[in-house]
Amino acid sequence: MLDKILYNTVLCQTYSPCGKYLIAGNIYGHIAVFDLDTILHPVIELLTPDYNKPKLLHLLENKTQICSLVSTENFLIVGTVNEISGWDWKAIVQSKLSKPAWTIKIAFQSKIDETDVNSLWFNEEENKIYAGCGDNKIYVYNLEDGRHLNTYDGHKDFIHSVHGRGKHLISAGEDGLVMLWDTRMGKSHNKLEPHKKANISRPEIGKWIGSVALDEDWIVCGGGPRLSLWHQRSLDPVMVFDIPDHGIHVSFFHDDCVVAGGAAKHLYQLSYSGEIKVELPVSATTVYSAALRTNPNKLLAIAGSSPEIDLCTSFKYRDQVLHFR
C-alpha cells in the first residue's frame, strides 16, 4: 500500500451536483470522496489530523483504473477500461459501494482488446454521453436507456480528449489530430493538425494532442505541440502560448482566459493575447486534471502524478493540499 501512496496518479476529478463533495479517481481503481464543507470551513474544536483526507475511499470491484469522471444530477459517471458505469450519488457520498446503478459495455470491442475510456463529455440538453476511447473511436450513448446511438470514427490513434458545446463536438488524440464534429450529422466536418505548423510543432515531445476545448469562437489545444489558440471559423492559429511545459494534458476556457497545465511546475492562466496572468504552483509533477467549480463559489482542484491534490479558492495561491490516501 505504501508504494501506491507514493506513486499514486489521479487522472480525473469532478464535483457532486450539490457542490459539497470533490470526487477523484486514481490508477488503482479508488474513488476518493472529499467533504469540502469540512475542509474549507473547519470547526477547530472538531478538527482531526485526517480532515484533509477522503471522507470515503471506494475501491472498484475489478480494481481497474479510473480514466474519466462526469457528474450529472443523478449519477457519478465513471469511465474505466471497457465500460462506463453510473453510480447513485447517495451510494457515493454516504455509504460503501455495492453495484453501479447501470453499466454500459463499450460497443464493438473484441474480447481480447481492452479499451480505456479516456475522456467523457455529457451533453445535458440531449442527455447523451460522448466517450473518447483507446480504440481511436468516440461512442455516443443515450443515458435514458443506455442505447448505443453512434460511433465517430476518424482518429488513427487513441483519443485523449473530447469536449462539446451545443451541437458541436471536438476531439484530440495521439495521432496529432484535432477533429471537429457536428453531432446532428454524426460526422466530422473539419480538422486541425497543430504539429504541421512550424511555430507550434515540438517534434522532440511528439505530435500528440493531450487536451482540447471549445468556446463560442475559439479552440484551445496542446500536447506535444505548443499550447495554441485557434479561431473556430477560420481554423487559423491566432496565439501560440510561451509557457515552459513538456506536454499539455489540461486546457479549458474561463473568464476570457485559457487555463492550462501538464508536465510543468505550474498551472497557468493566460490571456488570449498570450500574457501569463497567473503561474500557480502545483504539487503534481504532471497535471492530468483541473476541476473548476463556480457555484456556490469558485473552487479549483488540481491533481496528477502525486497523492496530493491542490485546492484553490482563487487562481492566486493554494489554500489547501488534500491527501488521496
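Computed from a predicted structure; not experimentally measured.

Quick word on the overall build of the protein chain
Helix and strand counts for the protein chain come out as 3 helices and 28 strands. Expressed along its principal axes, the backbone C-alpha trace of the protein chain runs to roughly 60 × 45 × 35 Å. The proportion of buried residues among the 325 residues of the protein chain is 54%. The contacts in the protein chain between residues at least 6 apart in sequence include a share of 44% that link residues at least 24 apart. A total accessible area of about 14,900 Å² is found for the protein chain, and carbon and sulfur atoms account for 47% of it.

Description of the sheet that holds strand 2 (residues 21-26)
Ordered in space as 1-2-3-4, the 4 strands form an open sheet in which the pairing is antiparallel. In this open sheet, the two edge strands, each paired with only one partner strand, are strand 1 (10-15) and strand 4 (56-59). Direction aside, the axes of adjacent strands within the sheet are offset by 20° on average. Sheet topology places strand 2 next to strand 3 (residues 30-35); 5 bridges connect them, and they run antiparallel. Looking across to strand 3, one finds that glycine 25 is bridged to isoleucine 31.

Some thoughts on the nonpolar core
Core analysis: the biggest nonpolar cluster contains 16 residues, and Tyr15, Leu22, Phe34, Ile309, Leu311 and Leu322 have the highest contact counts within it. If you list the elements that add at least two residues to this core, you get strand 1, strand 2, strand 3, helix 2 (36-40), strand 26 (299-304) and strand 27 (308-312). Looking at which element gives the most residues to this core, the answer is strand 26, with 3 residues. The residues touching isoleucine 309, leaving out its near neighbours within four places in the chain, are Gln13, Leu22, Ala24, Phe34, Ala301, Ile302, Ala303, Gln320, Val321, Leu322 and Phe324.

Concerning the sheet that holds strand 19 (residues 228-231)
The 4 strands are arranged 17-18-19-20 in an open sheet whose pairing can be described as antiparallel. Bordering the open sheet on either side are strand 17 (209-214) and strand 20 (237-240), each of which pairs with just one other strand. Strand-to-strand twist of the sheet, defined as the mean angle between neighbouring strand axes without regard to direction, takes the value 20°. Bridge count between strand 18 (residues 218-223) and strand 19: 4 bridges; the pairing is antiparallel. Following the sheet pairing, cysteine 221 is matched in strand 19 by serine 228.

Let's talk about the packing of aromatic side chains
To describe a pair of aromatic rings, you give the distance between the ring centres and the angle between the ring planes. On inspection of all chains with the given rule, the structure shows 7 aromatic pairs. Ring geometry for tryptophan 121 versus tyrosine 130: centroids 5.4 Å apart, planes at 40°, classification tilted. Looking at tyrosine 130, the relative accessible area reads 1%, which means it is buried. Pairwise contacts between aromatic rings join Trp121, Tyr130, Tyr152 and Trp181 into one cluster. A cation over a ring is seen here: arginine 293 above tyrosine 15, with NZ or CZ 5.9 Å from the ring centre.

Cut-offs applied
Residues numbered from 1 in each chain as written. Predicted model: local features only at pLDDT ≥ 70, side-chain atom pairs only at ≥ 80, totals over all residues. Heavy atoms only, no water. Helix = DSSP H or I, 4+ residues; strand = E, 2+ residues; numbered from the N terminus. Buried < 20%, exposed > 50% of the residue type's maximum accessible area, 1.4 Å probe, protein only. Contact = heavy atoms within 4.5 Å. Areas by Shrake-Rupley, 256 points an atom, 1.4 Å probe, with all protein chains shown as cover. Pairing = 2+ DSSP bridges. Axes fitted to C-alpha atoms, helices over the stretch in contact; angles between N-to-C directions. Core = buried A, V, L, I, M, F, W, Y, C linked by side-chain atoms within 4.5 Å. Phe/Tyr/Trp six-rings, centres within 6.5 Å; stacked < 30°, edge-to-face > 60°. Lys NZ or Arg CZ within 6 Å of the ring centre and 35° of its normal.

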